[in-house]
Amino acid sequence: MVKKFLVSLLTTITLLSLSSVANADSLVSNGSGGDYSYELWQNTGNTGYYLKIWRRESYGKQEASLTTHSFESSQDALEYFDCNYAHKSLPACPN
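Residues numbered from 1 in each chain as written. Predicted model: local features only at pLDDT ≥ 70, side-chain atom pairs only at ≥ 80, totals over all residues. Heavy atoms only, no water.

Right, let's talk about the pairing of strand β1 (residues 26-33) for a bit. Relative to strand β2 (residues 36-42), β1 is paired through seven bridges, and the arrangement is antiparallel. Opposite S32, over in β2, you have S37 as the bridge partner. (Pairing = 2+ DSSP bridges. Helix = DSSP H or I, 4+ residues; strand = E, 2+ residues; numbered from the N terminus.)

Shown next, in the form of structure tokens:
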């Protein structure tokens with residue numbers, strides 16, 4: 001009886017752990033440009049992307065100073081970073 005209970009309990013805990021991992025946002029890439037570093041994340045439902053942005057010297061030492069709104073594609077998110085933080089001159093950047 002105790003063994004059945006323990007097996008059932010361990011199975012439940014394992015399933016709960018797996019489902020919480022499956023619902024986590026996932027890191028797609030990271031990089032830097034200008035005075036800033038970024039992490040590109042895909043949201044849980046795989047319906048969009050967002051950026052976490054740090055001053056370069058703060059990256060990895062503290063929470064992101066900015067988390068952006070959602071983008072439809074990773075390309076849109078990275079162009080946003082390049083235009084607004086890395087100060088690149090790209091065709092996608094507004095004048």
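Turning our eyes to something else, we now look at the nonpolar core. Counting residues in each nonpolar core, the largest one holds 11 residues, listed as Y36, Y38, L40, Y49, L51, I53, F71, A77, F81, Y85 and A86. Taken together, the elements giving at least two residues each to this core come down to β2, β3 (49-55) and α2 (74-84). If we skip the residues at most four places from it in the chain, F71 touches G48, Y49, Y50, L51, D76, A77 and Y80. (Core = buried A, V, L, I, M, F, W, Y, C linked by side-chain atoms within 4.5 Å. Buried < 20%, exposed > 50% of the residue type's maximum accessible area, 1.4 Å probe, protein only. Contact = heavy atoms within 4.5 Å.)

Before going further, it helps to examine the state of the cysteines. Summed over the entire model, instances satisfying the criterion amount to one disulfide. Shown here is the disulfide that connects C83 with C93, its sulfur atoms set 2.0 Å apart. Between C83 and C93, the S-S torsion sits near -90°, and that sign places the bridge as left-handed. A residue pair is termed long-range when its members are at least 10 positions apart, and C83 in helix α2 and C93 in the segment after α2 qualify at 10 residues. For the pair C83 and C93, a shared accessibility class is recorded, and that class is buried. (Disulfide = S-S within 2.5 Å.)

This next bit is on the sheet that holds β3. With antiparallel pairing, the four strands of this open sheet are ordered in space as β1-β2-β3-β4. Edge positions in the sheet fall to β1 and β4 (66-67), since each has one partner strand and no second. Taken strand by strand, α2 contacts β1, β2 and β3, and its axis lies near 165° from that of β2. (Axes fitted to C-alpha atoms, helices over the stretch in contact; angles between N-to-C directions.)

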